Amino acid sequence: MVEYPEWKRSDVPPVPYPPCVESHDTNNVGITECCFLNPYEAIKLVRAHRHLIRNVTGYPSKTGIFVDECYDIGHIENVHFWPFGVEYKPDEPYCKWVNTQGVAFELARTDWHYIFNTFCFGYGVGYKFTSSKAGSTNGNFLGLGADSCRRAVLVEQAQSPGLLITNGEFVGRWGSADSVCLEIGPQMQGKVSLVNCTFWGPIDRCIWMRSPLAR
C-alpha cells in the first residue's frame, strides 16, 4: 500500500503531488497488487507499450490512471477506485471535489487498448476518452462500472475503429440533477458501440449525443 502521510482531507482542492507511479518510454511495465490510498495522481503511462495494470485499488483524488501514446496494446484489469480510507459524504468538500473534478480512468492516444472488470465510485468522470497531440483511442472495454459519477463515460474523441463497450453499469452522481451516463462531445468523430449496458440513478439523461459526426 502507498499512502501519503502529509495528505489532509481539509486541503480542498487537494495538493497536486506528482504521479505516484509514472513510466515513460518503456516496454512491458507491470503494476499489480497495489493499493494507492490517497495520491493526487496514481498512475501515469506515456509511451509505455504493452503495459499491464492488474489488481489495483485506491482513492486517487485527481486522476486514477492516465495513458497516452501507447502503440502496442495495453491491458488494465481488476481495478477498483473507491473512497478507501475516507468516510464518504457526497457533499463534504473533499468528496465533492473528487466527485466533480476527479477522473478515474483517462485514455488519450492508445491503440487496441483492453480494459476489463473495472469499477470506480464518486468521480467527476469515470471513464474519459480524450485526445492528445498524438491522437485518440480505440479498444475493447468489458465489464466497466461507474457509480455516483457526474459523467460515468465522457467521450471527447476516439479513433475511427471506435470504442467497444460491453457489459457496462453506469450510475449518476448521488444527489445531482445534471448527471449523464454517456456524453459524446461535440468534436467526436469516431464510433462508440454499446452492448448490454445499463443506466440508472439520479441522471438527467442516459446518453447525450452532442456530435454531428460520431457514429
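Every chain's residues receive numbers from 1 upward, in the order its sequence appears when written. pLDDT decides what is reported in this predicted model: residues at 70 or higher carry local features, side-chain atom pairs at 80 or more are listed and counted, and totals for whole chains, interfaces and linings draw on all residues regardless. Hydrogens and water molecules were not included; the side-chain quantities draw on all heavy atoms of the structure.

(A) Fine view of empty space enclosed by the protein. Lining residues are defined by having an atom within 4 Å of a point belonging to a cavity or pocket. Those points lie on a 1 Å grid over the protein atoms alone, cavities being sets where a 1.4 Å probe fits but cannot get out and pockets being open sets with protein on both sides within 12 Å along at least five of seven lines. Grid points are joined across faces, edges and corners, and a volume is the space filled by probe spheres set on the points. Scanning the model with the defined rule gives one cavity of 30 Å³ or more in all. Lining the largest cavity are Glu-6, Trp-7, Lys-8, Asp-11, Pro-14, Val-15, Tyr-17, Asn-38, Pro-39, Tyr-40 and Ser-61. Class assignment of the residues belonging to the lining of the largest cavity gives a composition of six nonpolar, two polar and three charged. Only Asp, Glu, Lys and Arg are considered charged, only Ala, Val, Leu, Ile, Met, Phe, Trp, Tyr, Cys and Pro nonpolar, and every remaining residue, Gly among them, polar.

(B) Inspection of the nonpolar core at higher detail. Joining through side-chain atoms within 4.5 Å is the link that ties buried Ala, Val, Leu, Ile, Met, Phe, Trp, Tyr and Cys residues into a set, and such a set is a nonpolar core. Relative accessibility under 20% of the residue-type maximum defines a buried residue, over 50% an exposed one, and the middle range a partly exposed one, all with a 1.4 Å probe and only protein chains included. Counting 48 residues, the largest nonpolar core has Ile-53, Ile-65, Phe-81, Phe-105, Cys-120 and Val-155 as the members making the most contacts within it. Two residues form a contact once any of their heavy atoms are found within 4.5 Å. Not counting residues up to four positions away in its chain, the partners in contact with Ile-53 are Ile-31, Ile-43, Leu-45, Ile-65, His-75, Ile-76, Glu-77 and Val-79.

(C) Expanded view of the pairing of strand E4 (residues 52-58). As defined by bridge partners, strand E2 (residues 30-36) adjoins E4 across six bridges and the pair is classed as parallel. Each bridged residue has a counterpart across the sheet, and for Cys-34 the counterpart in E4 is Val-56. If DSSP finds at least two bridges between two strands, the strands pair. What counts as a helix is a DSSP run of H or I of at least four residues, what counts as a strand is a run of E of at least two, and both are numbered from the N terminus.

(D) Highlighting helix H1 (residues 93-101). Turning to H1, its buried residues number three or more, namely Tyr-94, Cys-95, Trp-97, Val-98 and Asn-99. Against the buried residues of H1 lie strand E10 (137-149).

(E) The arrangement of the environment of Asn-167 in detail. Tracing the sequence through the fold places Asn-167 in the loop between strand E12 (163-166) and strand E13 (169-172). You can call Asn-167 partly exposed: its relative accessible area is 33%. A C-alpha to C-alpha distance of 31 Å links Asn-167 and Glu-92, two positions 75 residues apart in sequence. Side chain to side chain, Asn-167 and Asn-196 meet in a polar contact 2.8 Å long. Definition of a polar contact: a pair of N or O atoms within 3.5 Å, with one able to donate and the other able to accept a hydrogen when the atoms are protein atoms, and with sequence-neighbouring residues admitted only if both atoms are side-chain atoms.

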